[in-house]
Every structure is written in C-alpha cells, then in structure tokens.
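# Coordinates in review
Listed below are the residues making up each chain.
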Protein chains: 2
Amino acid sequence: MGGRGESESYRRLGVSASKDDVHRAVAALGPGLLDRAFCRVNPDVFHGDPDHCVVSHADGAGTKSILAYLAYRLTGEASAFRGIAQDAIVMNLDDLLCVGATSGFVVASIVNRHARRAGDPAILDALVAGTQAFASRMGEFGVRLAVGGGETADVGDVVRTVLVDAVLTTRMERARLIDNDIRPGLAIVALASGGPAARYEDDWNSGIGCNGLTAARHELLGPGVAGLYPEAADDLLEPDLVYRGPFHPTDRLPGTDRTVLDALLSPTRTFAPVVRALLEDARLPVRGLIHITGGGHAKCLRFGRGVRYVVDLGDDVPAVFGAIRSASGRSWMEMAKVFNLGWRMLVLCPPEHAAAVVGVARGFGVEARVAGATELSASGSNELALRVAREFFVLSA
Amino acid sequence: MGGRGESESYRRLGVSASKDDVHRAVAALGPGLLDRAFCRVNPDVFHGDPDHCVVSHADGAGTKSILAYLAYRLTGEASAFRGIAQDAIVMNLDDLLCVGATSGFVVASIVNRHARRAGDPAILDALVAGTQAFASRMGEFGVRLAVGGGETADVGDVVRTVLVDAVLTTRMERARLIDNDIRPGLAIVALASGGPAARYEDDWNSGIGCNGLTAARHELLGPGVAGLYPEAADDLLEPDLVYRGPFHPTDRLPGTDRTVLDALLSPTRTFAPVVRALLEDARLPVRGLIHITGGGHAKCLRFGRGVRYVVDLGDDVPAVFGAIRSASGRSWMEMAKVFNLGWRMLVLCPPEHAAAVVGVARGFGVEARVAGATELSASGSNELALRVAREFFVLSA
C-alpha cells in the first residue's frame, strides 16, 4: 500500500501527479469505444463508418517551456524552442502509439504567450521550424505527420512567459486498435527514454521527457534564477520551494558533459518509428503499450484488472534523475511516481516475442530491455512491483 | 490609408490585433491546399484520398476565461465556465464554417490552470458540462460534434488563473470546400453576433464574442478589481492601464438589464446551424464566409484580390460595444479593428440570393441584414469602406 497518495512535496508545487480530479471530471464524457484504451477512441464522427474510429489527443510541453525561456534569456538564442515543439508533439504522438495509431496524423499547435516577454519572432520561428523538422524526420521513417493548423495567442494577463500545446488527430481502422486489456503472462519490454542518438535523432538525450519538470526545475536549478527571472515561477509558491536547487543552469550535470539546462531541455524522444516497425513491419503480437508520463510508472496501474506488473528497471538510472533525487531528497519510490527514470515506453507481448521487440528497438539505436512480466495479482487489484537502482517497492491501484 | 497600423492603446495591453508576426512565421508552413481559404486545408493525411482533405483548427477562449474566474471569485459559482467551454469551441467551429465544413467534427480540449486558484473541481466540471451541452444542442440541429479528447495541465509557474483552448478537426470532400476567393459583384449579408436567443440558444447574447476581451476587461471593469484580484492581470502592465474602467463587475450595463460581467461573459454565438442550412438544406451559392474575429472587420482585407468591401453595419451598435467605446475613448474605426460590433459573420453570395440568406438566418432567430457588396477596388488593393454608427471610414490592406 506504500504507493497510495501523492507526494506532498510535489503537491506543494501546485501540481497533481495523479490527476484524480481530472479523471473524475472527464469520466462524465463516457468511456469512448474502448473502456480501458490508453487514449479515448471515438466513433467515426467524420463519416459514420462503423469499421473506422477517430482519435484526437491533446497535450503539451507543460512547464518545460520555462526552461527554453530561461535559455533564451541567458543566451539570446531561441533555438531551444525547437525542442519544445517536439515535446508538445511527442507527448501526443507517443500516447497515440499506445492505441496502435502509428501514422497519418494531423497536428494542430497552440502557443499562448506573454507578448512582451516571449513575443520575439525568433521564438515563434523556432517553434515552427522545430515542428516542421520533426514532422519531416518522422516522414523519413514512415510516420506521416501533416502540420495542419495553429493558433498563437497574446494572453499576457494569464500567461507569464509561454506555453506550447498540440493536438494530434487520426482516423484509423478499428481492427488495428490496441485495447490495452493487459492480462497476466505477458513479457514487459522497456524502451529507453534517453541515451545516444537513435537512428532518427541527431543528439544524445538525457531521458527527462516532459513530465515532472516543475519538480525538476525547482529542485535542480538554484540561486539566482528566482531573483533574475521572477516571471519563471508561480507567485503563490512559498519562497523555500522556488528554484532551491544546487545548480546554475549552465553548470555541468554530474556524470555528463552537458549543462543542467541542456539536459533538462533534451526533447522528448519519440518511439514512433520503433512502434511502427513493431506493428506494421515485424507484425509482432503487441498486447499493450504503456507510455510512462504523468504519474510515472504508476501509470500501468490503470490497465488490466487484477494484474501484478513486475518490473526491474536496472541498477543504472540516467544522470538527470540521479541529480534530481540527490537534490530533492526524494525516495526512488517517490521518483518513480513522477519520472520515467530512463524508460518511457513499456511494450507488453507474449514472452516468446520479447527478444524480437528488443531487437527491433535496438535496430533503431534505441536501448531496450526485457524488464519484467505481468502476473496474477494476489490482492485482486492492480499492483506494480518495481525494482530500480537497487531499491524495491510495491505500488497498488 | 487610415486603417494601417495597430491601435497603440491595444498594443500597450500586450496584444497584437493584426498578428503580422504570426502570419509571417506560419507562412513557413506553406499555403496548404487552398491559397486563401479561411482555414488551412491539408491533404488527406489520414488515408491519402485525393478527393478528401483534412482541416484541423486551433483556437481558444483567450483571456475571456479571466472573466469567468472573476465571476467564480465573486459568487463562488463556477457556472460561467460552461460558457467559456462554448467560447473555445465556437472560435474554432465558426472559422471552420468558413471553409464549408458544417458537421462531423472531433473536439479536443486543453485546460491549462493554476491549480491552487482554479483547481476547484467545479470549474473542470463546468467546462466538461458546457462542452457536452453545446455538442448535444448542435447535434439537434444537424451539426455533429464528438467530444473526443482533452488535457488538463497544472502549470502554475506559467498560468496565473486558467486558460481554455480547443482544436476541432474534420475530414471532408474537397468538392465541398469554400475557397473564399472573393470577387467583385457579390452581396454581403451580415449575421448578428448577439440579440435575443436564437432557436438553438437559451439566453440573450451581448454579441461580444471572444475577441478584444483584454481591452474590454481593462476598459470597462474598474476600481477594486486590480487590487482584489492581482492574479487577473499581467504584472508588466503599467498601472494606469489595468482595470481602469468605470464599472464594478456587477454594475448594470447601460442600456441593458444585465450586469457588465454577464454581458462580457455572453458565450460566443455559433452560426453553425445557419451556415449548415444555407449550404446543405437551401444549397445557396455561397461564395465566401468571413468570421469577424481577431482584427475585427479588417479581417476581410485578407480575402480576394483588388476587392473593395462596402459594408454598412447600421446605426445601432450593441450596448456592450457602446460602453467600451465610451470608456476607452476609441474611435469607431479603432473599435472596428478589434471588435465585431454586433455582426460576427459575413456571408458573400450573388445579390439575387441575399434575401434568401437573410431569410434562412431569421428562420433560426438570428438577425441578419444585407450589409453591402463587393466592388472592384480602384487602388488595386483590398479595401474596406465601412459605415457604422453614423461614421464612415476606409481601411486598406
């Protein structure tokens, strides 16, 4: 039962990791076509074809945009916003992979900005260029994205700096849907959120992704940031919480040759080429996909019924998570409920196919490991038995 | 040439009415399938069918959400957020009408909030209920909307109160597109943005819509608001600009029996049932549709080539706009570049069909008038010759 409840330190930052209230409010919409799928799946509202469905997914870069704003203020360069554009897309794209949608998306982008602070045209140019470059690169790997619409709003009375969101929409055959009805007896393959550049990437990635950035910013970045850039923090936060970390943004992240700011700004890696190859080329029998985002590894508790997920993430955790843990004093269990800890996609398949899944991922230069299996839960509730960095704990639904 | 440049007072509020920089940045994406259509039209990225296209449109309620937040703080009631949900949808839906898309949309919603100030579950419930109620009502009038996805993000380091955005996406036959290639010789029928409830509405509407709300808030609402609710304003605004108007939110709006706050919160009226009936039922030869939003009536300058729009909006302007003008000291010309002034949709058609367009609109209880015509522009550039409230002026592209 150690997994219940939210991290108090996280809640004091004004962020709900579990989003219980959001899930309750959205439940009023009804379940969509599939009760427990990773994304809401809708009937074909475009044409009413019972063999097709429509999925439209919304998400954004969240407060990661503040880091790009800090980089912009520190260097005068807006280029970090290219990665923010990728973050906003991948937070949608990789959720959509989890229902089996692997290509043919239209992308709509929303930029809400404080025009005086973030109205430099170079910022918008970087966001547009980042969107185009990502879509173009994905196209080379068989994942078609049409950059289809967008809105930029000057809302200085609401937004302190800048926010970047996106919506991806697709229409697909219902027969291709993955319902994430996870059963006992499956292997769990974890795909690495960072490491050396994948075949479809240009640079090393810290693995941070796009979740837990409120905590990571305030716990890693320190003296000076709050004073120099008060617009980069909530005015209601108690002063002892604001940018209280040990690092200047340009300090080196221990164990790496990158700065803390660069590591935190690593664009969220997509697994789209890998999942497309698993489903379309190798036609492997993938039974479930779980994108580890808000709520961290506790996310898997939402899928299946009476399933115990037994997962070993290994002894080595990417440097950025080690630094956050050291700076914050959080336990690994608390860390696991917020961060991906280096593994941001779980692929569930029959055990005899696990090695093939690992092989496909590694073929793209994405590290993968057979991280565990699903079992029957003795308690009847979903449970996650997680081992990471030589610690072991159990989270339950 | 009187129409060039932006209102200085508007710019000081941190808002660009013309969005020149945005149009320039987005031009990097290329024109889409139709050079000058109202919304970007994309090839069929879902299925690659050359006879179909995909339109995905993003927009939001902008800073109008601050008014719902003020209502919530003043009364403890979150119900005003139902209208904000409608605002966010209609800002997309009515733009999409202008390319001829009248039904079969999937809606994705994005709520970015400061959890401590706007995390009351009643706010999210009101947004979800408002979205559902609007979609359901539209369905009764043949406009199908599937509420298909959403994201609620706690981003207190970026957002002071709450922001509500939406994306609407549809797939349609290319043959049904309206390209807005406006020519001389067309009649212009204006549809009223407010007035008594239309057949598909429940309440009177001030006509304010969802544009110019930054100006309207600061120029109408006054003493006390800035002091009581500092979170409702940009911290960089000069104090003489912030909530400097004559009215308390609960004061009566002159010429009406509503409060100023209620009038400003009137949900944006949709014209979807009217336009659907024009195109699908009456099959009238509509040559163009112009949704008067950001940039106000200057928006028409973007459509056609060498066209002079001659438009008479009549002598009577809805009370909310009269109050903004009185409080701000703006000219009607400046007002026309920000606000719809009571007429938020222009329908362009051959003159012999104008009376039929008016008839269809009135059949829905939506006031309409033959407001003018398109002519050949002597200058070769697009021009708008606008008469409103007994003043006359010319704006040029």
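Structural notes, computed from the coordinates. (Residues numbered from 1 in each chain as written. Chains lettered and ligands numbered in written order. Predicted model: local features only at pLDDT ≥ 70, side-chain atom pairs only at ≥ 80, totals over all residues. Heavy atoms only, no water.)

## Regarding the interface of chain B and chain A
Between chain B and chain A, the contact holds 77 residues from the first and 78 residues from the second. Between chain B and chain A lies a buried interface of about 6400 Å² when both sides are counted; carbon and sulfur atoms form 54% of it. For the chain B face of the interface with chain A, the top three residues by lost area are B:Arg116, B:Asp157 and B:Val158, together amounting to 12%. Applying the counting rule to chain B against chain A returns 10 salt bridges. B:Arg116 is the salt-bridge partner of A:Glu238, the closest N and O atoms lying 3.7 Å from each other. Linking chain B with chain A are 29 residue pairs in polar contact (both at pLDDT 80 or more). (Contact = heavy atoms within 4.5 Å. Buried area = accessible area lost by both parts, 1.4 Å probe. Salt bridge = Lys/Arg side-chain N within 4 Å of Asp/Glu carboxyl O. Polar contact = N/O pair within 3.5 Å; in protein donor to acceptor, adjacent residues only side chain to side chain.)

## Section: the nonpolar core
Core analysis: the biggest nonpolar cluster contains 294 residues, and A:Phe81, A:Tyr309, B:Phe81 and B:Tyr309 have the highest contact counts within it. Discounting residues that sit within four places of it in the chain, B:Tyr309 has contacts with B:Ile182, B:Ile188, B:Ile290, B:Cys300, B:Phe303, B:Gly304, B:Leu348, B:Ala373, B:Thr374, B:Glu383, B:Leu384 and B:Ala385. If you look at the next biggest cluster of nonpolar residues, it comprises 10 residues, including A:Phe46, A:Val54, B:Val106 and B:Ala146. (Core = buried A, V, L, I, M, F, W, Y, C linked by side-chain atoms within 4.5 Å. Buried < 20%, exposed > 50% of the residue type's maximum accessible area, 1.4 Å probe, protein only.)

## Topic: the relation of the copies chain B and chain A
Turning chain B through 180° and shifting it by 0.0 Å along the axis lays it on chain A, with an RMSD of 0.0 Å. Those values place the two copies in the arrangement expected of a two-fold rotation axis. The C-alpha atom lying nearest the rotation axis in chain B is that of B:Val159; the distance is 2.4 Å. Interface overlap between copies is the fraction of interface residues in one copy that are interface residues in the other; for chain B against chain A it reaches 100%, indicating a shared surface. (Least-squares fit on C-alpha atoms with pLDDT ≥ 70 in both.)

## Examining the packing of helix α3 (residues 64–75) of chain B against helix α4 (residues 80–97) of chain B
Residues and elements named next belong to chain B. Contact pair α3 / α4: the axes reach a minimum separation of 9 Å and the direction vectors enclose 170°. Relative to α4, the element α3 is oriented roughly antiparallel. Residue-level contacts link Lys64, Ser65, Ala68, Tyr69, Ala71 and Tyr72 of α3 to Ala80, Phe81, Ile84 and Asp87 of α4. Considered class by class, the residues forming the contact of α3 with α4 number seven nonpolar, one polar and two charged. (Axes fitted to C-alpha atoms, helices over the stretch in contact; angles between N-to-C directions. Helix = DSSP H or I, 4+ residues; strand = E, 2+ residues; numbered from the N terminus. Parallel < 35°, antiparallel > 145°, perpendicular 65-115°, else oblique. Nonpolar A, V, L, I, M, F, W, Y, C, P; charged D, E, K, R; others polar.)

## Remarks on the side chain of B:His218
Residue placement: B:His218 occurs in helix α7 (residues 213–220). Since its relative accessible area comes to 0%, B:His218 is described here as buried. Setting aside residues no more than four positions away along its own chain, B:His218 makes contact with A:Asp157, B:Leu13, B:Ala233, B:Leu237, B:Leu241, B:Val242, B:Tyr243, B:Arg244 and B:Gly245.

## Some remarks on the sheet that holds strand β12 (residues 391–396) of chain A
Residue and element names in this part refer to chain A. Spatially, β7-β9-β6-β10-β8-β11-β12 is the arrangement adopted by the seven strands of the open sheet, whose pairing is mixed. Each having just a single partner strand, β7 (288–291) and β12 make up the two edges of the open sheet. Sheet twist, expressed as the average angle between the axes of neighbouring strands with direction ignored, equals 20°. Bridge count between strand β6 (residues 187–192) and strand β10 (residues 368–376): five bridges; the pairing is antiparallel. In the sheet register, Leu191 faces β10, and the bridge partner there is Ala368. Against the sheet, helix α13 (residues 354–363) touches β6, β9 (343–349) and β10, its axis set at about 150° to β10. (Pairing = 2+ DSSP bridges.)

## Quick word on the packing of aromatic side chains
On inspection of all chains with the given rule, the structure shows 11 aromatic pairs over all chains. Three or more aromatic residues joined by ring pairs make a cluster, and in this case those are A:Phe141, A:Tyr200 and A:Phe364. (Phe/Tyr/Trp six-rings, centres within 6.5 Å; stacked < 30°, edge-to-face > 60°.)

## Points about helix α10 (residues 272–281) of chain A
All names here are of chain A. The buried fraction of α10 is high, at eight of 10 residues. Every buried residue of α10 is accounted for by Ala272, Pro273, Val274, Val275, Arg276, Ala277, Leu278 and Leu279. Just downstream of α10, Arg283 is the residue with a positive phi angle, here 50°.

## Topic: the sheet that holds strand β9 (residues 343–349) of chain B
Residue and element names in this part refer to chain B. Pairing is mixed across the open sheet formed by seven strands, whose spatial order is β7-β9-β6-β10-β8-β11-β12. Strands at the two margins of the open sheet, each flanked by one partner only, are β7 (288–291) and β12 (391–396). Strand after strand, the sheet turns through a mean of 20° between neighbouring axes, direction not considered. Note that strand β11 (residues 383–388) and β12 share six bridges and pair antiparallel. Across the sheet, the residue bridging to Ala385 is Val394, located in β12. Across the sheet, α4 touches β7 and β9, and the angle it forms with β7 is around 160°.

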